[in-house]
Amino acid sequence: MASNEFQTKLMGLQSNLLNFALMLTSNRDNAYDLLQDTTLKALSNEGKYVENTNFKGWVFTIMRNIFINNYRRVTRNATVVDQTEDLYHLNLSQDSGLESPEGSIGVSEITEAINAFSDDYRIPFSMHVAGYKYNEIAEKMNLPLGTIKSRIFFARKKLQSQFADYR
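For clarity, every value in this text was computed on a predicted model and none was experimentally measured. (Residues numbered from 1 in each chain as written. Predicted model: local features only at pLDDT ≥ 70, side-chain atom pairs only at ≥ 80, totals over all residues. Heavy atoms only, no water.)

A. Looking closely at the packing of aromatic side chains. By the definition in use, this model includes eight aromatic pairs. A centroid spacing of 6.0 Å and a plane angle of 70° characterise the contact between F6 and W58, whose relative ring orientation is edge-to-face. Placement of the pair is F6 in helix α1 (residues 3-12) and W58 in helix α4 (residues 55-78), with a sequence separation of 52 residues. Taken together, a centroid distance of 5.4 Å and an interplanar angle of 70° make the contact between F153 and F154 edge-to-face. Residue classification places F153 among the partly exposed positions, given a relative accessible area of 41%. Linked through ring pairs, F6, Y49, F55 and W58 together constitute an aromatic cluster. (Phe/Tyr/Trp six-rings, centres within 6.5 Å; stacked < 30°, edge-to-face > 60°. Helix = DSSP H or I, 4+ residues; strand = E, 2+ residues; numbered from the N terminus. Buried < 20%, exposed > 50% of the residue type's maximum accessible area, 1.4 Å probe, protein only.)

Structure representation (structure tokens):
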């Protein structure tokens, strides 16, 4: 594909790319930044584009990958590593969410709802919330992994429907 044809195709996709960027970022300024990054990356990788390949799909994939990489970078940078000698920051008491009466009522109601489940759903769900992995729960309960996953899924859905008004 000639360079002029490549650039023409790319410029013709700008409005579609902007809509996709707005959908990904939910912010107009970030969407314009993402559009600009995508356009620059596509132009700089023009030689890597293979003829008879879906051009629109190729450019949209570039945009999606840039968005994912930026998101991961922001998430990584937001991670706090406690490097104090005695892990002072990790040992500080954390906010439990129980300072308000609404928080404590919510916790007790949720606990009651979980305890009202049959053992088939309560035990795997409680173990999952406690930090056990799906395969560990399956081994302890002598059940297939898929059964454990579905029981936890259905318990979560039931709680979400019961407490829909808390959102």
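B. Looking closely at a nonpolar patch on the surface. Among the surface-exposed residues, Y121, F153 and F154 lie close enough to one another that they form a single nonpolar patch of about 290 Å² accessible area. Its location among the elements puts Y121 in helix α7 (residues 119-129). (Patch = residues over 30% accessible without salt bridge, like charges linked within 9 Å, V, L, I, M, F, W, Y side chains within 5 Å. Areas by Shrake-Rupley, 256 points an atom, 1.4 Å probe, with all protein chains shown as cover. Salt bridge = Lys/Arg side-chain N within 4 Å of Asp/Glu carboxyl O.)

Any functional reading would require information beyond the geometric quantities listed.
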